[in-house]
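One letter stands for each residue in the lines below.
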Amino acid sequence: MDNTVTPDWAQALAWIDESLAEAGLRATGPVEQTRVRPWSVLAKVPVGDGTLWFKANGHCSTYEARLLDALGRWAPGRVLEPIAIDGERGWSLLPDGGRTLREVAADDPAHWEDLLARHAELQRDLAPRAAEMIALGVPDMTAAQLPGHFATLLGDPLVGGSLAAEQAALLRAYEPGYRLLCEQVAASVVPVSVQHDDLHDANVLVGDGYRFFDWGDASVAHPFAVLLIAMRIAADRYDLKPGDPVLARLRDAYLEPWTGFGTRAELAAEVEPAVQAAKVSRALSWQRSLQDADPGSLAEYGPAVPGWLEELLVPNVL
């Protein structure tokens, strides 16, 4: 596994101790790395009878720490609020948020309805902060930027070389259509906002309301793009086929908080273009995450970049 993202551990431990002291806490045992990925490192910090979590983002997503800090101020109680951050190094010290919705809810797609509605409310309320998020370094994946990103990805020898000749030709032929699609998304009356890009029931904590976490893939984009991953995971989990009425119910639950921007039918018509356009954003997220990956990690995760471009040629799970 690639270790290029792993911080200088002596410096990280010193920062953890300093941050704990400022919060009136101290570690009661050794800090243990629990997950190392090409894009981040997660470590468990024992404190008293509980646990805190240290996260170090690679330079591909150092913005997450700054975003966490901002979200904690803009939407307290609705996100996992950090105890401390180092915005330059992309480090954060986080509380243990308890159990996730996946852990506590009945194994039924109905619990996704409230999850999606609450997340839509959060996106709607954060929309006025979109420019501030971009200034923090959160990637700008608004529709005006995506056609250029698509062309750059297709021109990347590593990406293009991973595509079959037929798929590469089909994707190049799709460029004008994708540009028109993005123009349609850009004309939306729904404001851009934060787009989590990995929303599912294991990334929301429950207890005193819903609190969303793990923003390392986040961008600023058309908010409905968040349904790309959310709907796929729900469909895979419950074996729901495209057109299943359960998927329509989940989509409508998500759209309900947006009804101030249009009728249900008008909003529903915006879902497909936003989700389709977001596949390029997803490919870029993987490409960023693997910038410094070693050959083993590239072999394991690298196919996700061309794989998401190929998804432009297949129907969506909606």
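Cut-offs applied
Each chain has its residues counted from 1, running along the sequence as written. Predicted model: local features are reported for residues with pLDDT of at least 70 only, side-chain atom pairs are reported and counted for 80 or more only, and whole-chain, interface and lining totals are derived from all residues. Hydrogens are left out, water is left out, and the side-chain values use all remaining heavy atoms of the structure. Put simply, DSSP marks the helices as runs of H or I at least four residues long and the strands as runs of E at least two long, and each gets a number from the N terminus on. We compute the radius of gyration over the C-alpha atoms and compare it with the globule rule, which gives 2.2 Å times the number of residues raised to the power 0.38. When a residue's accessible area, from a 1.4 Å probe over protein chains only, is under 20% of the maximum for its type it is buried; when over 50% it is exposed; and in between it is partly exposed. For this analysis, residues touch if any pair of their heavy atoms sits within 4.5 Å. To measure how exposed things are, a 1.4 Å probe is used in the Shrake-Rupley method; for residues, cover is taken only from the protein chains shown. By this definition, two strands are paired if DSSP reports at least two bridges between them. Each axis is a line fitted through C-alpha atoms, taken for helices only over the stretch in contact, and angles between the N-to-C directions span 0 to 180 degrees. A pairing counts as a salt bridge when a side-chain nitrogen of Lys or Arg comes within 4 Å of a carboxyl oxygen of Asp or Glu. Stacked, tilted and edge-to-face are the three classes applied to pairs of Phe, Tyr and Trp rings, where Trp contributes its six-membered ring and a pair requires centres within 6.5 Å; stacked means planes under 30 degrees apart, edge-to-face means over 60, and tilted covers the rest. The criterion is simple. A nonpolar core is a set of buried Ala, Val, Leu, Ile, Met, Phe, Trp, Tyr and Cys residues joined through side-chain atoms within 4.5 Å.

Observations regarding the overall build of the protein
A tally of helices and strands in the protein yields 13 helices and 9 strands. On C-alpha atoms alone, the protein measures out to a radius of gyration of 20 Å, which is about the 20 Å that the 2.2 N^0.38 rule sets for 318 residues. With the C-alpha coordinates aligned to their principal axes, the bounding extent of the protein is approximately 55 × 45 × 35 Å. For the protein, with 318 residues in total, the buried portion stands at 51%. Relative to all contacts within the protein whose residues are 6 or more apart in sequence, the contacts with residues 24 or more apart total 73%. For the protein, the exposed surface amounts to about 13,600 Å²; the carbon and sulfur share of it is 53%.

Remarks on the sheet that holds strand 5 (residues 91-95)
Sheet architecture is open: 5 strands sit in the order 1-2-3-5-4, paired in antiparallel fashion. Among the strands making up the open sheet, the edge pair consists of strand 1 (32-36) and strand 4 (84-86). Each neighbouring strand pair of the sheet contributes to a mean axis angle of 20 degrees, computed without reference to strand direction. When strand 3 (residues 50-57) meets strand 5, the two strands line up antiparallel, connected through 5 bridges. Residue tryptophan 53 lies in a different strand from strand 5, and its bridge partner there is leucine 94. Helix-sheet contacts for helix 1 (residues 9-22) involve strand 1, strand 2 (40-47), strand 3, strand 4 and strand 5, and the interaxial angle to strand 5 is about 45 degrees.

Things to note about the pattern of salt bridges
Close approach of charged atoms lets side chains of opposite charge pair. Under the definition given, this model contains 20 salt bridges. Its salt-bridge partner being glutamate 113, residue arginine 249 comes within 2.7 Å of it at the nearest N-O pair. Within this pair, whereas arginine 249 is found in helix 10 (residues 245-255), its partner glutamate 113 is found in helix 4 (residues 111-126), the two being separated by 136 residues in sequence. Residue arginine 249 is classed as partly exposed on the basis of its relative accessible area of 38%. Using a relative accessible area of 23% as the deciding quantity, one classes glutamate 113 as partly exposed. A salt bridge links aspartate 239 to lysine 241; its shortest N-O distance comes to 3.1 Å. Assessed through its relative accessible area of 54%, aspartate 239 is described here as exposed. Judged by relative accessible area, which is 52%, lysine 241 ranks as exposed.

Quick look at unusual backbone geometry
Positioned with a positive phi, aspartate 197 is a non-glycine residue whose angle comes to about 75 degrees. As for its placement among the helices and strands, aspartate 197 is situated in the loop between strand 6 (193-195) and strand 7 (204-205).

Some details on the pairing of strand 1
A regular strand places its side chains on the two faces of the sheet in alternate fashion. Where strand 1 and strand 2 come together, 4 bridges link them in antiparallel fashion. Note that in strand 2 the partner of glutamine 33 across the bridge is alanine 43. Hairpin geometry of strand 1 and strand 2 is characterised by an intervening segment of 3 residues between the two adjacent antiparallel strands.

So, the packing of aromatic side chains
Summed over the entire model, instances satisfying the criterion amount to 13 aromatic pairs. An angle of 70 degrees between the planes, with centres 6.4 Å apart, marks the rings of phenylalanine 150 and tyrosine 174 as edge-to-face. Placement of phenylalanine 150 in helix 6 (residues 146-155) and of tyrosine 174 in helix 8 (residues 165-186) is noted, with a sequence separation of 24 residues between them. What links up through ring pairs into an aromatic cluster is the set Trp9, Trp15, Phe54 and Trp91.

Comments concerning the nonpolar core
The tendency in soluble globular proteins is for nonpolar side chains to be buried as a group. Formed by 84 residues in total, the largest nonpolar core has its most connected members in Tyr178, Trp215, Phe224, Tyr254, Val280 and Leu309. Not counting chain neighbours up to four residues away, the residues in contact with phenylalanine 224 comprise Val190, Tyr254, Leu255, Trp258, Leu267, Glu270, Val271, Ala274 and Val275. Ile16, Phe54, Ala56 and Leu93 belong to the second-largest nonpolar core, a separate cluster that totals 17 residues.

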